[in-house]
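Architecture and fold: a report
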Amino acid sequence: AAMSLGEPTSDSAPFFSDDSEAEGPEERGGAAGQRPQEESPSGVSEVRALLTVFILCFINLLNYMDRFTVAGVLPDIEHYFGIDDGKSGLLQTVFICSYMILAPVFGYLGDRYNRKYIMSFGITFWSLVTLASSYTPKEHFWVLLLTRGLVGVGEASYSTIAPTIIADLYVKGKRTNMLSIFYFAIPVGSGLGYIVGSQVGNVAHDWHWALRVTPGLGLIAVLLLLFVVQEPKRGAIEARPEHHLHQTSWLTDLQALSKNYSFVLSTFGFTAVAFVTGSLALWAPTFLFRAAVFTGERAPCVEGNCASSDSLIFGVITVITGVLGVASGVQVSRQLRTRTPRADPLVCAAGLLLSAPFLYLAIVFAQASTIATYVFIFLGETFLSMNWAIVADILLYVVVPTRRSTAEALQIVISHLLGDAGSPYLIGVVSDSLRKTDSFLWQFRSLQLSLLLCSFVAVVGGGFFLATALFIERDRHRAENYVPTG
């Protein structure tokens, strides 16, 4: 029965009943357990599948490195262009907006055309634009804004499509592991972004050089993509090849997704995660620097390369908490899954609800003790990072294979539109409006008060994940036993 994979004749009814019998607790017998022959149903050999995951990981790392290089040298950029908090928040906002508008376009293409070439195009474009952005003249801040906007093209092409390739190479337990490797790249990349940004800027005595590191690595990534990665067959590994799942129109896809409550609610929960990480990512080093200036531990920023040590420490914290958070999130949810099928959303909710008090404490303690602040940020970020891989996994098992890129894209749009597209800018603007005078006290106090929004948002997000837990079983069952009409 398990070998019905190879017979296109068996039509949908026997196919699904067979499929559900073959599902062990770990992975489907047919797909992964009994495979004497080397060729897996995805059409990609095991070695190449592993290499593919590592290459996608490397690109994800670059992706996030690039995103946060700017945050690592933000005080220098503010100083160089002479801009206020609202404007510097715009740098992240512009980028996220273009990224968000383009994500559905690439999601649509990714469900229908060769994903490898789409990604290669995107990354090449992104590398060239980033390189160009490092040559912005002093009086044209808008050019830097424009190029940050265009960088979104490359990222959109990449982040909507990569998880779906991993989903086509692995199923079940293995898929969760591979996804968590892929999502490890997010915190590690972000942290490296701060570190590379601030330290390269420091060594070269010019922040422009910080933006010239990732493009070179990006071009290496394109070559690896073109020569090593092989496009897997969509949905084949799930013992339901594409010819059993018809492509439906984009509007039908959207309608189906909007009725999928687990998808909708977990997306809103993830939006809260994005809001918090987005605002912390851009503002934390600057906030810590201002706290130090306010308490007199630091001299105010005069010539440039100001926040390099804060960016360095914050970068290291981001890397460690990210790895710890993603790993512990996956482990905890795996242990809980044996007890309850609702484990995933519950772990996500717990992560957000636990991070809120720590973030609050970190922001309040900033003027009293720098060490306490770092400890609380460490704990808060660890709990926040528990969500990354789990949310991606939830999406992949409550959505059918032919709608996955579209779903990824939709999740990206919503979580950025309501999350980190606005949050860095919002926090900058709130901070500017709360500031009564331009003293060091108010530069610090206004940013402190506006960052308290993060704790509140984290609690709301926890609520959304708790709601997801109510629907997760029904939606998962529906996706696994989906019979296409028409």
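That block above? That's the structure.
Residues numbered from 1 in each chain as written. Predicted model: local features only at pLDDT ≥ 70, side-chain atom pairs only at ≥ 80, totals over all residues. Heavy atoms only, no water.

A closer look at the environment of L90
Defined as follows: Note on conventions: DSSP H or I runs of at least 4 residues are helices, E runs of at least 2 residues are strands, and numbering of each starts at the N terminus. Each residue is assigned to one of three classes by its accessible area relative to the maximum for its type, calculated with a 1.4 Å probe on protein chains only: buried under 20%, partly exposed between the two thresholds, exposed over 50%. Any two residues whose heavy atoms approach within 4.5 Å are treated as being in contact.
For L90, the position within the fold is in helix α5 (residues 85-110). By relative accessible area, which is 25% here, L90 ends up partly exposed. Between the alpha carbons of L90 and Y425 there is a distance of 5.4 Å; along the sequence they are 335 residues apart. Excluding anything up to four places from it in sequence, L90 contacts L145 and Y425.

With respect to helix α17 (residues 404-420)
This is how the line gets drawn: A helix is expected to span 1.5 Å multiplied by its residue count minus one.
Helix length check: α17, at 17 residues, gives a terminal C-alpha distance of 22 Å against a target of 24 Å (1.5 Å per residue), a fit within 8%. α17 sits mainly inside the fold: 13 of its 17 residues count as buried.

Comments concerning the environment of L257
Examined against the element boundaries, L257 turns out to sit in helix α11 (residues 250-258). Overall, the relative accessible area of 3% leaves L257 in the buried class. Distance from L257 to V399, taken between C-alpha atoms, is 7.8 Å for residues 142 residues apart in sequence. Apart from the residues lying within four places of it in its own chain, the contact partners of L257 are F263, V264, V399, T406, A407 and L410.

Focus: the packing of helix α12 (residues 261-295) against α17
What counts is decided by this rule: Working convention: axes come from line fits to C-alpha atoms, limited for helices to the stretch in contact. Angles between N-to-C directions cover 0 to 180 degrees. Angle categories: roughly parallel below 35 degrees, roughly antiparallel above 145, roughly perpendicular from 65 to 115, and oblique for all the rest. Crossings are assigned a handedness: left-handed for a near helix turned anticlockwise from the far helix by less than a right angle, right-handed for a clockwise turn.
Interhelical geometry of α12 versus α17 gives an angle of 45° and a closest axis separation of 8 Å. Comparing their axes, α17 and α12 come out oblique. For α12 against α17, the interelement crossing comes out right-handed. Contacts between α12 and α17 involve F263, S266, T267, F268, F270, T271, A274, F275 and G278 from the first element and A407, L410, Q411, I414, S415, L418, G419 and D420 from the second.

A look at the pattern of salt bridges
Note the following rule: Salt bridges, as used here, are contacts in which a Lys or Arg side-chain nitrogen is within 4 Å of a carboxyl oxygen on Asp or Glu.
The final tally for this structure, using the stated rule, is six salt bridges. R148 is the partner of D66 in a salt bridge, and the nearest nitrogen-oxygen pair spans 3.7 Å. Of the two residues, D66 is situated in helix α3 (residues 46-72) and R148 in helix α7 (residues 141-159); the sequence distance between them amounts to 82 residues. The exposure class assigned to D66 is buried, which follows from its relative accessible area of 0%. As a salt-bridge pair, R403 and D253 come within 2.9 Å of each other at their nearest N and O atoms. Residue R403 is located in the loop between α16 (387-398) and α17, and its partner D253 is located in helix α11; the two are separated by 150 residues in the primary sequence. A relative accessible area of 9% places R403 in the buried class.

Regarding empty space enclosed by the protein
The cut-off we apply is this: Within this scheme a cavity is a closed region of a 1 Å grid, computed over the protein atoms alone, that accommodates a 1.4 Å probe without allowing it to escape, whereas a pocket is open but has protein on both sides within 12 Å along at least five of seven lines; lining residues each have an atom within 4 Å of a point. Grid points are joined across faces, edges and corners, and a volume is the space filled by probe spheres set on the points. Note that Gly is not counted as nonpolar here; it falls among the polar residues with everything else outside the nonpolar set of Ala, Val, Leu, Ile, Met, Phe, Trp, Tyr, Cys and Pro and the charged set of Asp, Glu, Lys and Arg.
In total, this model carries eight cavities of 30 Å³ or more according to the counting rule given. The space that makes up the largest cavity amounts to roughly 480 Å³. Lining the largest cavity are 34 residues, with Y64, R67, I186, F270 and W388 positioned closest to its centre. Residue classes in the lining of the largest cavity are distributed as 19 nonpolar, eleven polar and four charged.

Quick word on a nonpolar patch on the surface
Put simply, the rule reads: Nonpolar side chains (Val, Leu, Ile, Met, Phe, Trp, Tyr) are joined into patches within 5 Å and like charges within 9 Å, using only residues with over 30% relative accessible area and no salt bridge. The protein chains shown are the only cover counted for residues, whose accessible areas, like all others here, come from Shrake-Rupley with a 1.4 Å probe.
Taken together, the side chains of L312, I313, V316, I320 and L324 present a nonpolar region at the surface, about 360 Å² in accessible area. Residue position: L324 is located in helix α13 (residues 308-337). Among the residues examined, L324 registers a relative accessible area of 42% and is labelled partly exposed.

Concerning the packing of α12 against α16
To describe two helices that pack against each other, one gives the angle between their axes and the distance between the axes. The geometry of α12 relative to α16 is characterised by a closest axis approach of 10 Å and an angle of 160° between their N-to-C directions. When the axes of α12 and α16 are compared, the pair comes out roughly antiparallel. Remark: the crossing between α12 and α16 carries left-handed chirality. Residues S262, F263, S266, F270, V273 and T277 of α12 pack against N387, W388, V391, I394, L395 and V398 of α16. Of the residues assigned to the contact of α12 with α16, the class counts are eight nonpolar, four polar and no charged.

Examining the packing of aromatic side chains
The criterion, for reference: Each aromatic pair joins two rings of Phe, Tyr and Trp (for Trp, the six-membered one) with centres within 6.5 Å, and gets the label stacked for planes under 30 degrees apart, edge-to-face for over 60, and tilted for any other angle.
If you walk through the whole model with that rule in mind, you get seven aromatic pairs. Ring geometry for Y194 versus F314: centroids 5.2 Å apart, planes at 75°, classification edge-to-face. One end of the pair, Y194, is in helix α9 (residues 172-204); the other, F314, is in helix α13, with 120 residues separating them in the sequence. Residue Y194 shares its accessibility class with F314, and that shared class is buried. Measuring from ring centre to ring centre gives 6.4 Å for F358 and F376, while their planes differ by 25°; the resulting arrangement is stacked. In this pair, F358 sits in helix α14 (residues 343-364) while F376 sits in helix α15 (residues 370-385), placing the two residues 18 residues apart along the sequence. A relative accessible area of 17% places F376 in the buried class.

A short note on the side chain of D344
Looking at the element boundaries, D344 is found in helix α14. In contact with D344, other than residues within four places in its own chain, are S333, R337, I390, D393, I394 and Y397.

Thoughts on helix α8 (residues 162-169)
Every α-helix winds through 3.6 residues per turn, so residues three or four apart in the chain are directed the same way. α8 sits mainly inside the fold: eight of its eight residues count as buried. Looking at α8, one finds that the buried residues are A162, P163, T164, I165, I166, A167, D168 and L169. Next to the buried residues of α8 lie α3, α6 (115-133), α7, α9, α16 and α17.

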